[in-house]
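These are the residues of each chain, in order.
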Amino acid sequence: MARLIFLGPPGAGKGTQADTLAHLCNIPHISTGDILRGAVAQKTDLGMKAQSYMDQGELVPDQLILDLVRDRLDQPEVETGWILDGFPRNVNQAIFLDHLLQEIEQTCDRVVNLEVPDEVLVARLLSRGRRDDNEEVIRNRLQVYREQTAPLIDFYRDRQKLVSVNGNRSIEQVNAELQQITRGIKH
Ligand code: AMP
């Protein structure tokens, strides 16, 4: 059982690491980015509304995200744990999550902050080749991260939830440390 939030800039490896760890722990990996990309591909109402923000590297408005997260965390299969990847992305979302978790009587165990230097992030993102991975959009996403998401590092440090992990290592090394952190969680 683990309830984890993966924090960190775009390109830090949150998605890859969350995927592996979620499989190992047999808990759902909830990526708001993946959910939004799915909605864009299927041209749903949500997808149509979200697409232009995503293409520019801006955050999608909170009102589009919050109900979606509430729905996911309200389902029976997440009672054994979860990994949130890409949410919360700003202080407003983090406060919403605090309230939501209280309401459903859950607590987050750890917030994993994956640290990777900027120049490594840009190189990784450029090699990934996703639709929102061109240089101009990458620069904007990093700026949005610094302005809106990075304040969550202090937010969760103040709440004694933060664990920083050096993400500038091999996938296997990072994964081994994350497994160790997960094993250390006591309920
Ligand atoms: P990601 O896959 O997490 O890098 O997300 C890709 C894009 O989806 C971001 O650049 C945002 O436009 C949007 N997005 C994902 N998660 C959120 C969120 N929690 N709040 C707002 N926008 C989000």
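As shown above, the structure is provided for reference.
What counts as what
- Residues numbered from 1 in each chain as written.
- Predicted model: local features only at pLDDT ≥ 70, side-chain atom pairs only at ≥ 80, totals over all residues.
- Heavy atoms only, no water.
- Near = heavy atom within 4 Å.
- Polar contact = N/O pair within 3.5 Å; in protein donor to acceptor, adjacent residues only side chain to side chain.
- Areas by Shrake-Rupley, 256 points an atom, 1.4 Å probe, with all protein chains shown as cover.
- 1 Å grid on protein atoms, 1.4 Å probe; cavity = no way out; pocket = protein on both sides within 12 Å on 5 of 7 lines; lining within 4 Å.
- Sits in = over half its atoms within 2 Å of the grid points.
- Helix = DSSP H or I, 4+ residues; strand = E, 2+ residues; numbered from the N terminus.
- Nonpolar A, V, L, I, M, F, W, Y, C, P; charged D, E, K, R; others polar.
- Axes fitted to C-alpha atoms, helices over the stretch in contact; angles between N-to-C directions.
- Parallel < 35°, antiparallel > 145°, perpendicular 65-115°, else oblique.
- Left-handed = near helix turned anticlockwise from the far one by under 90°.
- Contact = heavy atoms within 4.5 Å.
- Core = buried A, V, L, I, M, F, W, Y, C linked by side-chain atoms within 4.5 Å.
- Buried < 20%, exposed > 50% of the residue type's maximum accessible area, 1.4 Å probe, protein only.
- Points joined across faces, edges and corners; volume = space filled by probe spheres on them.

Trainee: Outline the site of the ligand, listing residues and values.
Mentor: Close to the ligand lie 14 residues; T32, R37, E58, G86 and Q93 are nearest. The separation between a nitrogen atom of the ligand and a polar main-chain atom of G86 is 2.9 Å. Measuring from a nitrogen atom of the ligand, one finds a side-chain N or O atom of Q93 at 2.9 Å. Within the complex, 95% of the 470 Å² of free accessible area of the ligand lies under protein. Under a 2 Å grid-point criterion requiring more than half of the atoms, the pocket assigned to the ligand is the largest pocket. Ranked by residue count, the leading element in the shell around the ligand is helix α2 (residues 32-41), at 4 residues. For the shell around the ligand, a count of residues per class yields 6 nonpolar, 4 polar and 4 charged.

Trainee: How would you summarise the packing of α2 against helix α3 (residues 45-56) if you had to cite specific residues and measurements?
Mentor: Put simply, α2 and α3 touch, their axes get as near as 8 Å, and they point 115 degrees apart. As summarised for this structure, α2 and α3 are arranged roughly perpendicular, according to the angle between their axes. Where α2 crosses over α3, the handedness of that crossing is left-handed. Of α3, the residues touching α2 (which contributes G33, L36, R37, A39 and V40) are L46, G47, A50, Q51 and M54. The class makeup of the residues in the contact of α2 with α3 is 6 nonpolar, 3 polar and 1 charged.

Trainee: Got a sec to walk through the nonpolar core? Specific residues and values, please.
Mentor: Counting 31 residues, the largest nonpolar core has I5, L73, W82, F87, L97 and Y156 as the members making the most contacts within it. For this core, the secondary-structure elements that each account for two or more residues are β1 (2-7), α2, α3, α4 (62-73), β3 (81-85), α5 (91-103) and α8 (151-158). Broken down by element, the residue count for this core peaks at 6 residues, all from α4. In contact with L73, not counting residues within four places along its chain, are I30, V78, W82, L97, L100, L101, I104 and Q106. If you look at the next biggest cluster of nonpolar residues, it comprises 22 residues, including I83, L125, I138 and L178.

Trainee: Break down the layout of surface pockets for me, with residues and values.
Mentor: It is the rolling of a water-molecule-sized probe over the atoms that shows where space remains empty. What the largest pocket holds in volume is close to 870 Å³. Lining the largest pocket are 45 residues; nearest its centre among them are P10, K14, R89, R130 and R141. Listed by contribution, the elements that provide at least two residues to the lining of the largest pocket are β1, α1 (14-25), β2 (29-31), α2, α6 (118-128), α7 (135-149) and α9 (171-183). Grouping the constituent residues of the lining of the largest pocket by class yields 17 nonpolar, 16 polar and 12 charged. Of the voids in this model, the second largest pocket is the one considered here, and its volume is about 150 Å³. If you trace the second largest pocket, you find it lined by I5, L97, D98, L101, Q102, Q106, T107, C108, Y156, R159 and K161. Residue classes in the lining of the second largest pocket are distributed as 5 nonpolar, 3 polar and 3 charged.

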